[in-house]
Amino acid sequence: MDRIKCLIIGSGPAGYTAAIYAGRANLSPVLYCGLQTGGQLTTTTIVENFPGYPDGVDANQMMMDLQKQAKRFGADIRDGIITKADFSSRPFKLTTDRGVELEADSVIVATGASAKYLGLADEEKYKGEGVSACATCDGFFYRKKVVAVVGGGDTACEEASYLAGLCKKVYMIVRKPYLRASDIMKKRVAEAENIEILFETNTVGLYGENGLEGAHVVYRKGEPDEKKYDLPIDGFFLAIGHKPNTEVFSGQLELDAQGYIVTKGKTTHTSVEGVFAAGDCADPHYQQAVVAAATGAEAALDANEYLQTL
Ligand code: NDP
């Protein structure tokens, strides 16, 4: 069986940064990439807020560079998903989707988070045929068409702005009477002539005979002036936040009510000694690439300290 000193799970900014630091500390890290090599950033276009890139950087290029940098310091980067984890005894035992069994002295969990859906049955029905959670991945299919983006945070504004450059019209469906997004994103949305914000509006269903044709929406649901109507659209984009990819660790690591891995104080230590968490899977608040990268570095430093005690 493969005995690994430092196993890293996940290939976003947190995982790769952990691999760079662990490699440089001679921990011979092995990194499993997971479902989406490069993580969530690979679904975006240009990263404008990562320090060191005054003109922005192509997100896919940045992730490929991070991988290259991790390899340079000896990281063993492997395709595959960890489907089972047993942290009840040492070495820790893990299994991949290909049935490969691994033993690890330390583990850094950097599995990130995934987009949330509203939970409507219609979302499943039209997934890939009008429903998407990634404007930069799928926006191209809606050129000169009418789309809606659900959500009022930074992600929703970013997706709406991106789609505004491609589509004839973009509705933002926002359940509150205001946007939660930062001022710069609100301004960007306000300046786009083809974005219309539908405040205090909820989606209750989707319709269409051949693919998506529209959304059933309700304005001020439950209020005296409630109004139900149909909004004709070709594409429906979800941007209502994320859920951490931590199901596989449920029952093994302490998770909070939303499923985020609980870490101790200002460290990356989890409830199991020798298992560390970095990036969005342990961060319900900041969810930024630069923060994920920083916690990846911390996790590798914490793992190195821990391994020296063995
Ligand atoms: P947020 O949690 O900030 O926003 C989610 C939005 O979706 C809110 O408007 C929320 O409404 C709405 N929402 C949630 N659930 C539902 C639902 N069931 N039905 C309808 N609407 C719903 O998530 P984001 O993904 O936008 O951002 C996450 C973090 O990442 C934030 O800290 C953000 O600042 C950051 N970010 C930064 C970017 C940048 O700086 N360029 C880009 C993207 C994200 P309500 O307000 O009513 O709760």
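Above this note sits the structure.
About the cut-offs
- Residues numbered from 1 in each chain as written.
- Predicted model: local features only at pLDDT ≥ 70, side-chain atom pairs only at ≥ 80, totals over all residues.
- Heavy atoms only, no water.
- Near = heavy atom within 4 Å.
- Polar contact = N/O pair within 3.5 Å; in protein donor to acceptor, adjacent residues only side chain to side chain.
- Areas by Shrake-Rupley, 256 points an atom, 1.4 Å probe, with all protein chains shown as cover.
- Helix = DSSP H or I, 4+ residues; strand = E, 2+ residues; numbered from the N terminus.
- Nonpolar A, V, L, I, M, F, W, Y, C, P; charged D, E, K, R; others polar.
- Domains from an automatic or database assignment.
- Core = buried A, V, L, I, M, F, W, Y, C linked by side-chain atoms within 4.5 Å.
- Buried < 20%, exposed > 50% of the residue type's maximum accessible area, 1.4 Å probe, protein only.
- Contact = heavy atoms within 4.5 Å.

Draft legend 1. Region of the structure containing the site of the ligand. For the ligand, the set of nearby residues contains 19 residues, the closest of which are Gly152, Asp154, Thr155, Arg175 and Arg180. One nitrogen or oxygen atom from the side chain of Lys176 is found 2.9 Å from an oxygen atom belonging to the ligand. The fraction of the free accessible surface of the ligand (920 Å²) that becomes covered by protein chains is 77%. In terms of residue count, helix α5 (residues 154-164) provides more of the shell around the ligand than any other element does, three residues in total. Partitioning the shell around the ligand into residue classes produces four nonpolar, 10 polar and five charged. Three or more residues apiece are contributed to the shell around the ligand by two domains, here domain 1 (2-115 + 242-307) and domain 2 (121-238).

Draft legend 2. How the structure looks around the nonpolar core. Within the largest apolar cluster, 34 residues are counted, with the highest numbers of intra-cluster contacts made by Ile8, Tyr16, Leu31, Leu41, Ile77 and Ile108. Secondary structure elements with two or more residues in this core: β1 (2-9), α1 (13-24), α2 (59-72) and α7 (289-308). Filtering out sequence-adjacent residues up to four positions away, Ile108 remains in contact with Cys6, Leu7, Ile8, Ile9, Ala18, Phe276, Ala299, Ala300 and Ala303. Counting residues in each nonpolar core, the second largest holds 22 residues, with Ala85, Leu102, Val272 and Cys281 among its members.

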